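Listed below are the residues making up each chain.
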Amino acid sequence: MLSKERIESFDFIKFIAILLVVWGHGIGYFIPGDHSMNWAYTIIYSFHMPLFMMVTGFFGANLYKRSFREMISKKFVQLLLPVLSFGLLLSLYHAVILKDGVRFLYGFYNFWFLPSAFMCAVMFYLATKIRKYRAVGVVTMLLISQLLPVISNHVPMIVMQFMPDMDLQRMFPCYVAGAFINSWYYEFQKNRRIIFIVSTVVYLLIYLSLMSPVRISFDQGYSYLFGLVRLVGGIAASISLISLVELCYGVIKKIAPLFLPILTNE
């Protein structure tokens, strides 16, 4: 388990994750046509959200050290307060400027990733708080995350209409994967070359067969299995990127200052 020292390579990983989101949305909004036939779009959307949640899980691996009240307070300020604030502003914009009604939960639907990250943090905290049963707790919570869609089908629609889709079935395993990398970070760094090779091969096999523009046809009767395999591909791609950055970060750190005069027009 890592101590509190700053990991500079993950600053670069966060930058890449943000860049991928901007790039992917740019393709979606500004390039017309069938995006499922766009290689850049399909690659980005095959793993950019798993990558974000894995980074979140990496930095949230030590939450169990806090009290429940302290953890909730910290995550509320970090994750839910921005959603509520921006959601309120957007709701006022729609009500006053566009005059198309009041949308109280607008922020939760548009910034769904932040409530999802909050719920993943709570679930992971509950799973790992008792050290003796930590492994059992994580496995149990992973199983619960996979059953959430089934459970939601038995919740009255009048309740579900106020619940944003946080995609916990896919996001929580990514959070756990990120926390696992944190717990075994030194071993991860030591074996980053082989990890990069294996994770890249796994991702390419899944991506080319199921997600790329030349993907094979798929029987929608096995949609859960399809989603599970896509999730494995997303986690594999994220691990591949993280290990690649770890492999190359020494070089990146050396050449980055060379570009600062260009970026600052000096």
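Residues numbered from 1 in each chain as written. Predicted model: local features only at pLDDT ≥ 70, side-chain atom pairs only at ≥ 80, totals over all residues. Heavy atoms only, no water.

Another aspect to go through is the overall build of the protein. From N to C terminus, the protein includes 12 helices and zero strands. Along the chain direction, N to C, the helices and strands of the protein fall in the order α-α-α-α-α-α-α-α-α-α-α-α. Within the protein, the proportion of its 266 residues that are buried is 38%. Sequence separation of at least 24 residues holds for 77% of the intrachain contacts in the protein that already meet a minimum separation of 6. Carbon together with sulfur atoms contributes 71% to the accessible area of the protein, which is approximately 16000 Å² in total. (Helix = DSSP H or I, 4+ residues; strand = E, 2+ residues; numbered from the N terminus. Buried < 20%, exposed > 50% of the residue type's maximum accessible area, 1.4 Å probe, protein only. Contact = heavy atoms within 4.5 Å. Areas by Shrake-Rupley, 256 points an atom, 1.4 Å probe, with all protein chains shown as cover.)

Moving on, we get to a nonpolar patch on the surface. Residues Phe86, Leu88, Leu89, Leu92, Tyr93, Val96, Ile97, Leu98 and Phe111 make up a contiguous nonpolar surface patch of roughly 890 Å² in combined accessible area. As for its placement among the helices and strands, Phe111 is situated in the loop between α5 (106-110) and α6 (113-128). (Patch = residues over 30% accessible without salt bridge, like charges linked within 9 Å, V, L, I, M, F, W, Y side chains within 5 Å. Salt bridge = Lys/Arg side-chain N within 4 Å of Asp/Glu carboxyl O.)

Averaged over all residues, the pLDDT of the protein equals 84, while 83% of them reach at least 70. Across residues 262-266, where pLDDT falls below 50, the model places one contact with residues more than four positions away in sequence or in other chains. (pLDDT = per-residue confidence, 0-100.)

The tally for this structure, following the rule as stated, stands at three salt bridges. One salt bridge in this structure joins Asp11 and Lys14, with 3.7 Å as the shortest N-O distance. Residue Asp11 and its partner Lys14 are located together in helix α1 (residues 8-30), separated by three residues, close to a single helical turn. A residue is classified by how much of its surface remains accessible, and Asp11, at 26% relative accessible area, is partly exposed. The partner of Glu70 in a salt bridge is Arg66, and the shortest N-O contact between them spans 3.0 Å.

A separate point is the packing of aromatic side chains. A complete count under the given rule lists 17 aromatic pairs for this structure. Aromatic side chains Tyr203 and Tyr207 sit 5.6 Å apart centroid to centroid with 25° between the ring planes, which places their arrangement in the stacked category. In this pair, Tyr203 and Tyr207 both sit in helix α11 (residues 192-211), four residues apart, roughly one turn of the helix. Of the residues examined, Tyr203 reaches a relative accessible area of 9% and is grouped as buried. Using a relative accessible area of 2% as the deciding quantity, one classes Tyr207 as buried. Within the aromatic cluster, the residues linked to one another by ring pairs are Phe10, Phe58, Phe59, Tyr185 and Tyr186. (Phe/Tyr/Trp six-rings, centres within 6.5 Å; stacked < 30°, edge-to-face > 60°.)

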